[in-house]
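Residue-level structural notes
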Amino acid sequence: VTSLELDAARCDGVGMCLLVAPDLVTLDRWGFPVIEEADDARGLRQAKAAARACPHRALRLAGDQAAGSLVQRT
Amino acid sequence: VHNVETLARVATLTGGAAVTTQLLTFTTPTGQTVVERDLDSTLAAAAAVAGVASPSNVLLGGYGGTWHRWDSVSDRSLRSLGSIISAGIVLTLPRETCGAAVTARVLRYLAQSSARQCGPCLFGLADLADVMDRVASGRGRRGDIDRLQSIAASVASRGACHHPDGAVRMLASALDVFAADLANHRRRGHCGRRHDHIVPGEVAA
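This report concerns the structure included in the present document. All of these numbers come straight from a predicted model, not from anything done at the bench.

**Some details on the interface of chain B and chain A**
- Each side of the interface is counted separately: chain B has 14 residues, and chain A has nine residues.
- Both sides together, the interface formed by chain B and chain A hides about 880 Å², and carbon and sulfur atoms give 58% of it.
- On the chain B side of the interface with chain A, the three residues burying the most area are Q117(B), F123(B) and R158(B), jointly 46% of the side's total.
- Note that R158(B) is salt-bridged to D28(A), the shortest N-O span being 2.9 Å.
- Across the contact surface, chain B and chain A share four residue pairs in polar contact (both at pLDDT 80 or more).
- Of all elements in the fold, only helix 6 (119-136) and helix 7 (144-155) of chain B reach the threshold of two or more residues within the side of chain B that touches chain A.
- Among the residues making up the side of chain B that touches chain A, the classes are represented as six nonpolar, six polar and two charged.

**A look at the state of the cysteines**
- The full count for this structure, using the stated rule, is zero disulfides over all chains.
- The thiol of C17(A) is unpaired, and the distance to the nearest cysteine sulfur, on C11(A), comes to 6.4 Å.
- The buried category is assigned to C17(A), whose relative accessible area is 8%.
- With no disulfide partner, C121(B) has as its closest neighbouring cysteine sulfur the one in C161(B), 6.2 Å distant.
- The exposure class of C121(B) is buried, given its relative accessible area of 7%.

**Examining the packing of aromatic side chains**
Residue and element names in this part refer to chain B.
- One pass over the full model with this rule turns up three aromatic pairs over all chains.
- Seen in terms of ring centroids, Y63 and Y109 are 5.2 Å apart; in terms of plane orientation they differ by 80 degrees. Their pairing is edge-to-face. Linking Y63 in the loop between strand 3 (57-60) and strand 4 (66-69) with Y109 in helix 5 (residues 99-112), this pair joins segments that are 46 residues apart in sequence.
- Judged by centre distance (4.9 Å) and plane angle (70 degrees), the ring pair of W67 and F178 falls under edge-to-face. Remark: F178 occurs in the loop between helix 8 (163-177) and helix 9 (179-188) and W67 occurs in strand 4; sequence separation between them is 111 residues. Across the pair, exposure class does not vary: W67 and F178 are buried alike.

**Description of the environment of V34(B)**
Residue and element names in this part refer to chain B.
- Following the sequence through the fold, V34 ends up in strand 2 (residues 31-38).
- Given the relative accessible area of 46%, V34 is considered partly exposed.
- Setting aside residues up to four positions removed in sequence, V34 forms contacts with E5, L23, L24 and T25.

Criteria and thresholds
Along every chain, residues carry numbers that run from 1 in the direction the sequence is written. For naming, the first written chain is A and the first written ligand is 1, with later ones following in the order written. Note on the predicted model: pLDDT of at least 70 is required for a residue's local features to be given, and 80 or more for side-chain atom pairs to be given and counted; whole-chain, interface and lining totals, by contrast, use all residues. Each side-chain value is worked out from all heavy atoms of the structure, with water and hydrogens disregarded. Any two residues having at least one pair of non-hydrogen atoms within 4.5 Å are treated as being in contact. Take the accessible area each of two parts loses on contact, using a 1.4 Å probe, and add the two losses: that sum is the buried area. The salt bridge definition used is simple: a Lys or Arg side-chain nitrogen within 4 Å of an Asp or Glu carboxyl oxygen. Under this definition, polar contacts are N or O atom pairs within 3.5 Å; protein pairs additionally need one hydrogen-donor-capable and one acceptor-capable atom, and for neighbouring residues in sequence, both atoms have to be side-chain atoms. Helix and strand assignments follow DSSP, with helices taken as H or I runs no shorter than four residues and strands as E runs no shorter than two, numbered in order from the N terminus. Put simply, Ala, Val, Leu, Ile, Met, Phe, Trp, Tyr, Cys and Pro go in the nonpolar bin, Asp, Glu, Lys and Arg in the charged bin, and everything else, Gly too, in the polar bin. Cysteine sulfur atoms that pair up within 2.5 Å are treated as a disulfide. Each residue is assigned to one of three classes by its accessible area relative to the maximum for its type, calculated with a 1.4 Å probe on protein chains only: buried under 20%, partly exposed between the two thresholds, exposed over 50%. Note on aromatic contacts: the rings of Phe and Tyr and the six-membered ring of Trp form a pair at centre separations within 6.5 Å, being stacked when their planes are under 30 degrees apart, edge-to-face when over 60 apart, and tilted otherwise.

So, in structure tokens, the structure goes:
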């Protein structure tokens, strides 16, 4: 299972994650991300992209893939 | 929490003594009284020692705690109420006072106390206080109770700390305990009770 870990204190609701990871991210009523899980390659691609795209580095890869050698920027 | 009650308790434990008492801070519109009672005594007995008149309802465990009907907890021992009483802060609601109004003010206080780091807390607690405030002051709109529950669901477990979780826990218990008052506010605009109750810590707007 691929997921994203959100550091809520860093997140300012910029919304880049929604653009690059539409399958993993929905926005709440104030525009802050709510993270869903995924278990396919597409989800993993999107999770990595979202972690890279966040201007506040509020997202990082979590779940099964986080422990591997995949790109993980925190 | 480094309040005086906790530090007193730590000193007792360090001395090797067994803990057989509970420190309670009774908070009323006229001030606060701290009493120390045996864990086997009832909440009602502790309130009597503090000189607190029998309230209609009580908020146990501080502003992030839970509302209870006085009759449902007054005869229980402090030991059995342990995790509910938590840090020992007890806000008693006088019988003539509106619980919805007090809940609105506690929510406003909690919103103002936000560290403003996480969006759901920063915006969510303010929204909850706004909706509760208009419900309590008779300006509620259709669906406001559902709206409170929906906003609360968007706030719960979303912060980096548990400050917002305490606020929604308190709100959930208020919607239950004050259901009749809230229905009266909706139908008649007022519950007939007093709305001028000052909540300790509250910042004047």
